[in-house]
Each structure stands twice: as structure tokens, then as C-alpha cells.
Amino acid sequence: MDSMTKYAAIDIGSNAVRLLLAMVSEEEFGLRVKKISWMRMPIRLGEDAFLRGMISDERACKLTKTMEGFAKLIDAYQPVAVKACATSAMRSAGNGRQVCRRIREQAGIDIEIINGRQEARYLFQNRHKIMTSSEKAALFVDVGGGSTEITLFCDGRVQASRSFNLGTIRLLNNRARQQDWDLMKSWLKKITRGREPVEAIGSGGNINKLFKLAKGRPGTWVSRKKIKKIRDELADYALEERMKRFNLKPDRADVIIPGARIYIKAMIWGRCEKIHVPMQGLADGMIRVLHDQRVKSMDGQIHASAIEAAQYKAISHI
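Residues numbered from 1 in each chain as written. Predicted model: local features only at pLDDT ≥ 70, side-chain atom pairs only at ≥ 80, totals over all residues. Heavy atoms only, no water.

Peer 1: Report on the layout of surface pockets, specifying residues and quantitative values.
Peer 2: A volume near 800 Å³ is recorded for the largest pocket. Residue lining of the largest pocket: 38 residues in total, with Arg18, Gly204, Gly205, Asn208 and Arg252 positioned closest to the centre. Of all the elements in the fold, those that place two or more residues in the lining of the largest pocket are β3 (30–41), α5 (116–124), β6 (137–143), α8 (205–213), α11 (250–253) and α13 (282–316). Ranked by residue count, the leading element in the lining of the largest pocket is α8, at 5 residues. For the lining of the largest pocket, a count of residues per class yields 8 nonpolar, 18 polar and 12 charged. (1 Å grid on protein atoms, 1.4 Å probe; cavity = no way out; pocket = protein on both sides within 12 Å on 5 of 7 lines; lining within 4 Å. Points joined across faces, edges and corners; volume = space filled by probe spheres on them. Helix = DSSP H or I, 4+ residues; strand = E, 2+ residues; numbered from the N terminus. Nonpolar A, V, L, I, M, F, W, Y, C, P; charged D, E, K, R; others polar.)

Written out as C-alpha cells, the structure is:
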């Protein structure tokens, strides 16, 4: 295998669509993933999926054009493997599979609509050191536009994992149900009981931005109190002023407050005073999965070649 191997991953979320072009190499300490290019398009599929139950023609067209553009970039990059996954919005949309077929026909990209458990599995690939700690439990929280994936780790093992229909686009459009909040609260309290200390690991664009606004440094954590303080400061300003004062993009400025609400609630109910933010998401996990699949495939080819060689040697002696 080449020392650096190219991969491409597309994450079709409820708020934005992201393309990650990366290179992976095997190092002594483990995998080294180098991000070559990162592109994000704020298409807001969730506004259609959660309000109307369907992806509109207008957004389907915008998504298809975005995918055609991504396809050209991928073709220029020449990766050894590509993976495209769609999450909560496509799962919820009645025409999600039709939209995926249209994209395959027009852009040549195959999209896999994944469930919450698969989404969590890809996110797990972005291993953080406290996931394997024997001294504390780790609560992994990924907040998207349509759903929140939460996993509890103890001694490097998954103890519990669940997906909840609570996301920033749902909250923004008053589509979050009280029963989903109640379910998340009771589940978190139950799974973390007796496991203190518990520390959170945050994943998603909103916690990344909150972490930066809290002046968090790579490899460190910020307190729940600090995240709440930043959320309260953001909420003091109307949307336009919030964008100016905190240097926020329009599609981040409106969802960051509902996003912060979900993280804070998860931390309170999960007994977490601290949150670590490794700045990695679904696309990063997909890159690691692609590399793992390629290594296994090549190991299988080497094994098959060895068997063929042995068989040839045996036959040549007859």
C-alpha cells in the first residue's frame, strides 16, 4: 500500500452537505489522517424533511448540482475509494430514496441512507483518549440537524448507545416533541448512574463553534458552565447582530443556540461537568472506515495470492 492513500467522504446532513478529501498513512502511533480539502454547502434539507415530510424540487435540484460539483472535485482528486452517507433528513423524507436515485443518475454518486446506529458507528471511529480511560466514563454526544446520537463508553467499551429525534433544525422549527426530551433525560440518568466521573465528548459543527468561542484549545476541555455562558451571550443578540459580534455564518447563527441547548441538557442529565471537542465528525469517521475496509481487502488479496502460489507449487511437483 502507498505510504499516503487518498479517500473522499460526503456527509449529507439535515443542515449542510460536506465533502472531505483526505490522505491516510499508517504511522507507528496509529493512523494519521491529513485533511486535504473540506467543503460545506448549507442546503438545509431538514427544513423540508421535518416540516413537509418530503424534499422539495428546489432543494433536490440544489443538492444534485452540489453533488455534480463534488463529483468533479473527486474526479480531479482521484481517491482510491469514495463514500457518501445521508442521515436524518433523508431518513425522514418520503422521497429520500428517489432523490438519491436522481443523484446517482445525474452525478454518478451512490448515496447510502444510514440509520442512527450506523451513524454512531462511523462517529466512533474518531477515537478520543477518554473513550479508553479506566478512571472515568465518556459520554459521546453528536448533535445534528435532525437527530442526536449519544454513546456511553467505560474502559474502552460501548456500554449504551441511542439515537434521539432531537436536532437543531427540528428545534428551530418547533418540531421537537416533549416525549423525545423526556426519553433522552430518563435514558441518560439511568445509564450514567453510579459511573461518575463522566466527561462528555462533543461532535458537530455547533459544539465546534461553541468550543472556539469559549477559547478552548486543542487537546483540552471546557466546562459546562462556560458553554452555558457562551450560549446566554449569543442569545442576548438578534440574529443579524449575533452574526456580526461572533463572526457567525447565517446558517450557523440561527442553529447554534438550539444546538447548545441539546449539549447542555445532555451534559446535565449525563452528569458531565466537562466537554472535550476533538473537531471531528461523520466524514472523518467515514474516511477511517474506508481505510479499514481497504486494508482488510488488500490483506485478503495477499492471503489469496499466497494460497494460489502454494497450490501452483504443489501442482508443479506432480
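Moving on from the model shown.
Peer 1: Explain a positive patch on the surface to me, and be specific about the residues and the numbers.
Peer 2: Positive charge collects at one region of the surface, where Arg162, Lys185, Lys189, Lys190, Arg193, Arg261 and Lys265 lie side by side. Every element with two or more residues in the positive patch is listed here: α7 (178–192) and α12 (256–269). Looking at the positive patch, the element that brings in the most residues is α7, giving 3 residues. (Patch = residues over 30% accessible without salt bridge, like charges linked within 9 Å, V, L, I, M, F, W, Y side chains within 5 Å. Areas by Shrake-Rupley, 256 points an atom, 1.4 Å probe, with all protein chains shown as cover. Salt bridge = Lys/Arg side-chain N within 4 Å of Asp/Glu carboxyl O. Lys, Arg positive; Asp, Glu negative; His and termini not counted. Charge placed at Lys NZ, Arg CZ, Asp CG, Glu CD.)

Peer 1: I'd love a proper account of the sheet that holds strand β4 (residues 81–86), names of residues and values included.
Peer 2: Sheets are built from strands that pair by backbone hydrogen bonding, the pairs being arranged parallel or antiparallel. Reading across from one edge, β3-β2-β1-β4-β5 is the order of the 5 strands in this open sheet, with mixed pairing throughout. Edge positions in the sheet fall to β3 and β5 (112–113), since each of these pairs with one other strand and no more. Note that β4 and β5 share 2 bridges and pair parallel. Bridge pairing in β5 links Ala86 to Ile113. (Pairing = 2+ DSSP bridges.)

Peer 1: I'd love a proper account of the sheet that holds strand β9 (residues 198–203), names of residues and values included.
Peer 2: Read across the sheet, 6 strands follow the order β8-β7-β6-β9-β11-β10 without closing on themselves; strand pairing throughout is mixed. Only two strands of the sheet have a single partner each, and these edge strands are β8 (157–164) and β10 (221–223). This sheet shows a mean twist of 25° between the axes of neighbouring strands, independent of strand direction. In the packing of α5 onto the sheet, the strands contacted are β6, β7 (148–154), β8 and β9, and the crossing angle to β7 comes to about 55°. Lying over the sheet, helix α9 (residues 224–235) contacts β10 and β11 (272–276), oriented at roughly 70° with respect to β10. (Axes fitted to C-alpha atoms, helices over the stretch in contact; angles between N-to-C directions. Contact = heavy atoms within 4.5 Å.)

Peer 1: Describe the packing of α8 against α9, with residues and values.
Peer 2: Between α8 and α9, the shortest axis-to-axis distance is 10 Å and the interhelical angle comes to 95°. By the angle between their directions, the pair α8 and α9 is classed as roughly perpendicular. Along the contact surface, α8 presents Ile207, Leu210 and Leu213, while α9 presents Ile227, Ile230 and Leu234. The class makeup of the residues in the contact of α8 with α9 is 6 nonpolar, no polar and no charged. (Parallel < 35°, antiparallel > 145°, perpendicular 65-115°, else oblique.)

Peer 1: Quick one: what's the story with the pattern of salt bridges, residue by residue and with numbers?
Peer 2: Under the definition given, this model contains 21 salt bridges. Measuring nitrogen to oxygen at the nearest pair gives 3.1 Å for the salt bridge that ties Asp284 to Lys35. Here the residue Asp284 occupies a position in helix α13, and Lys35 occupies one in strand β3, the gap between them amounting to 249 residues. Here Lys229 makes a salt bridge to Glu233, at a shortest N to O gap of 2.9 Å. With Lys229 and Glu233 both in helix α9 and 4 residues apart, the pair spans about one turn of that helix. Classification of Glu233 by relative accessible area gives partly exposed; the value is 28%. Salt bridges sharing common partners tie together Arg44, Glu47, Asp48, Arg52, Arg59 and Asp254. (Buried < 20%, exposed > 50% of the residue type's maximum accessible area, 1.4 Å probe, protein only.)

Peer 1: Quick one: what's the story with the nonpolar core, residue by residue and with numbers?
Peer 2: Residues Leu139, Ile150, Met184, Leu188, Leu210, Leu234 and Ile275 are the most contacted members of the largest nonpolar core, which totals 42 residues. Among the elements that make up this core, the one with the highest residue count is α12 (9 residues). Setting aside residues no more than four positions away along its own chain, Met184 makes contact with Ile150, Phe164, Leu166, Ile262, Lys265, Ala266 and Trp269. One finds Ile10, Phe50, Ile55 and Met90 within the second-largest nonpolar core, a separate group that totals 33 residues. (Core = buried A, V, L, I, M, F, W, Y, C linked by side-chain atoms within 4.5 Å.)

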